[in-house]
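Coordinates in review
Residues per chain are reported as follows:
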Protein chains: 2
Amino acid sequence: MCEGRTSPRTTCVASDNDKEIIFPMRILVLGGDGYLGWPTALHLSAHGHDIGIIDSFARRNYDYEMGANSLVPIRQMQRRVATWKEVSGHTIQPFIGDLTDSEFLELSLRDFGPEAVVHFAEQRSAPYSMIDRKHAVYTQVNNVVGTLNLLYAIKDIDPSIHLVKLGTMGEYGAPNIDIEEGFIEITHKGRTDVLPYPKQPNSFYHLSKVHDSHNIQFACRIWGLRSTDLNQGIVYGQRTPETDLHPDLSTRFDYDGVFGTVLNRFAVQAAVGYPLTVYGKGGQTRAMLDIRDTLACVELACTNAAEPGEFRVFNQFTESFSVKDLAERVARVSPFEVEIDSIPNPRVESEDHYYNAVTTKLPSLGLKPHLLSDDTVLHLVETAREHKDRVNFEAIRPTVNWRSTHSDVSIAGGAVGS
Amino acid sequence: MCEGRTSPRTTCVASDNDKEIIFPMRILVLGGDGYLGWPTALHLSAHGHDIGIIDSFARRNYDYEMGANSLVPIRQMQRRVATWKEVSGHTIQPFIGDLTDSEFLELSLRDFGPEAVVHFAEQRSAPYSMIDRKHAVYTQVNNVVGTLNLLYAIKDIDPSIHLVKLGTMGEYGAPNIDIEEGFIEITHKGRTDVLPYPKQPNSFYHLSKVHDSHNIQFACRIWGLRSTDLNQGIVYGQRTPETDLHPDLSTRFDYDGVFGTVLNRFAVQAAVGYPLTVYGKGGQTRAMLDIRDTLACVELACTNAAEPGEFRVFNQFTESFSVKDLAERVARVSPFEVEIDSIPNPRVESEDHYYNAVTTKLPSLGLKPHLLSDDTVLHLVETAREHKDRVNFEAIRPTVNWRSTHSDVSIAGGAVGS
């Protein structure tokens, strides 16, 4: 089981986790206080890995800017880490700072000495990036510069560090051919090459991820860095085996028009008796996955590192759904009366298109997906119901329109782009 | 002759220029004080267009940073503009400021009211972008943010403005299939789509242009902007009919290892008796063009605007050469004894590869290329010889190595990356 592990610090030990042999690694989770970063850190820590997290609390600040909040209360990072220590006995080492501060980033990397870095630390909302010019510029600068700083830090400090980078299936857009995993063999005028899969992203946020992918691929080529780009689908779910251990360990549950992803948002709308807001015809088909599969995929990527110089791309999703399908599913499963409301699509996107994306690499590494079950949907609605007194109804509807995004919109009291 | 012109401000008039009918337009040249921006502004002005230029003198500042200079003396912008007025009777309106200052950019755009914007205003040196982390970050932020600000300004002020953006053939890298103009038809698993041509750029600078292309394409799609992305080859030459009218009108002639493009650099090396520095085997093949063809191509793009919502890509070059071919050409034509020196390649690139790029759109609009002649090479060498007392020999050799680019290199006295 030790074959193919290339990091010199990795040793084979037996853990008591499901009686599996695991290989404890030192893993630094960037954005480790966020919706997915935090449960990922817990999951990896529970599995015996030594975990550090970096966060600047940018995500918590967006809440203040938007007048939004996590439906489920979340604790401050220090409290989360302390409770995890009490509950599990495991230590998570926090580093507070921002990736755009290269000096901080280098010090943290030197101090922690990771074998793998999992990079969630980006502005990740498409609507947020489309609010106005400033938010578009912020999103691209924040994401691109943070990742550039990280590439340089890895190169200078320890080029054997495996960069596991969160990308998005949205990088591909919706081409009229099958979506492959990062690369595609093209035969053209009698010659053949395997080239990066053409990208057609649909927001300044998605574009920032495309920029990152190109930068990372280049760094792997010229410096021999190793990286896995996880082109992740839309994640749903809010509970994991670890977050369920104690209320202090909960992760975010976003339902607002800016940061709420589609199924989570529908669940909250159903729980509070607000119509499910389907954008346009709802025929937009998207690749999706359960939050627990995100954690499993990230761990699989970490424990099966890319080779030096390798830039590999995994399409990280388990199923595809149209937005309309999801709304109907929530309506059917919900114990409450649910209305579905088609509203004008604030995005510029096709509402009826071919969509067939390939995902073979993660299953081949052993991913056993949690497919979307009625139970999961019900769980989401029930969790939302439990906290329905915290809902800010003002924040639910989409407030950012792709067409009318202006140069500079001042945001006050959550009146984003309105 | 007025068919297909969509700008409401354009009128048909006869000019006295070669007795052709031309359509005077208001064109704003961003980076209009630079190597190509300045002669482009002159060329368009000579052809009867109303020209404004924006520049922040970033390019002149890089000279101070690098301890380098233009071999041919260049005048300050105010003097250039005044001499042009004296020589030609035409006014060029200058705006001094930077595209990353969105307020300045918006004011300039409103004030000048262009029908087309020609965007040269980016950091354009691959080696400069590879000096260290700070220069990589600077290059990407400067180029990407400047272009984002421009897209928003056009959208808000006048979406009918045609954005003519300078890209580079280097965006494509050197794939093993023919390079098409921006898009490629791909048939895959029985389905077909026309998708953006896959990009494999080879420096953080080239990457910044790829990022720009993706951002511009998106802006055309969602906002209906119109843009022509000129994927330009490596430009050689330093004299144009307009710059020849008066020494004050000269444009830059760069020969240093950071900003000097290959043929210009070889000409200077030949003129001063310095060996021609060929990187590695010299089999790197690159698309190239004469500076006079750059001016013609930009004008063709301006006077044949893209349609609203259209993002079109022109491959802007006329011939392809290997670096070794060019060195041998210079050695053969030069009146002086010339040595060719193969030095270790500071870049990470293939020195022996397939290269066949397509260019049909500019010829179809009427481009009549100046193919590389011995006369042109001789002209370059003679111009260099005339100013050889200005050569800083320290600046000639490549000082930036793709492999050993560090996080932070302090630059003093031109000792870049050494």
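For the structure, check the block above.
Criteria and thresholds
- Residues numbered from 1 in each chain as written.
- Chains lettered and ligands numbered in written order.
- Predicted model: local features only at pLDDT ≥ 70, side-chain atom pairs only at ≥ 80, totals over all residues.
- Heavy atoms only, no water.
- Contact = heavy atoms within 4.5 Å.
- Buried area = accessible area lost by both parts, 1.4 Å probe.
- Salt bridge = Lys/Arg side-chain N within 4 Å of Asp/Glu carboxyl O.
- Polar contact = N/O pair within 3.5 Å; in protein donor to acceptor, adjacent residues only side chain to side chain.
- Helix = DSSP H or I, 4+ residues; strand = E, 2+ residues; numbered from the N terminus.
- Nonpolar A, V, L, I, M, F, W, Y, C, P; charged D, E, K, R; others polar.
- Buried < 20%, exposed > 50% of the residue type's maximum accessible area, 1.4 Å probe, protein only.
- Least-squares fit on C-alpha atoms with pLDDT ≥ 70 in both.

A look at the interface of chain B and chain A
In many analyses, interface size is given as the accessible surface area lost on bringing the parts together. Listed by partner, the interface residues are 57 residues for chain B and 57 residues for chain A. Between chain B and chain A, the buried area comes to about 5,200 Å², and carbon and sulfur atoms account for 60% of it. It is Y152(B), R191(B) and F218(B) in chain B that bury the most area against chain A; as a group they hold 13% of the surface buried on that side. Counting the contacts that link chain B with chain A gives four salt bridges. In this structure, E180(A) and K189(B) form a salt bridge, with 2.7 Å as the shortest nitrogen-oxygen distance. Linking chain B with chain A are 27 residue pairs in polar contact (both at pLDDT 80 or more), by the criterion used here. Take the side of chain B that touches chain A: its biggest share by element is 12 residues, from helix α6 (residues 133-157) of chain B. For the side of chain B that touches chain A, the class distribution of residues is 26 nonpolar, 17 polar and 14 charged.

As for the pattern of salt bridges
Applying the stated rule across the entire model yields 46 salt bridges over all chains. Among the ionic pairs, E122(B) bridges to K209(B), the shortest N-O distance being 3.1 Å. Residue E122(B) is located in the loop between β6 (116-119) and α5 (126-129), and its partner K209(B) is located in helix α7 (residues 204-223); the two are separated by 87 residues in the primary sequence. As far as burial versus exposure is concerned, E122(B) and K209(B) are alike and both buried. When salt bridges with common partners are traced through the structure, they connect R59(A), D63(A), R124(A), R252(A) and D254(A) into a single cluster.

Section: the relation of the copies chain B and chain A
The two copies are related by a screw motion: chain B maps onto chain A through a turn of 180° and a shift of 0.0 Å along the axis, at an RMSD of 0.0 Å. Accordingly, the operation relating the two chain copies is best matched by a two-fold axis.

Topic: unusual backbone geometry
Positive phi outside glycine occurs at F57(A), with the angle close to 65°. When you line up the elements, F57(A) lands in the loop between β4 (50-55) and α2 (58-66). Positive phi is not limited to glycine here, since K189(B) has a value of about 50°. If you trace the backbone, K189(B) turns up in the loop between β8 (183-188) and β9 (191-196).

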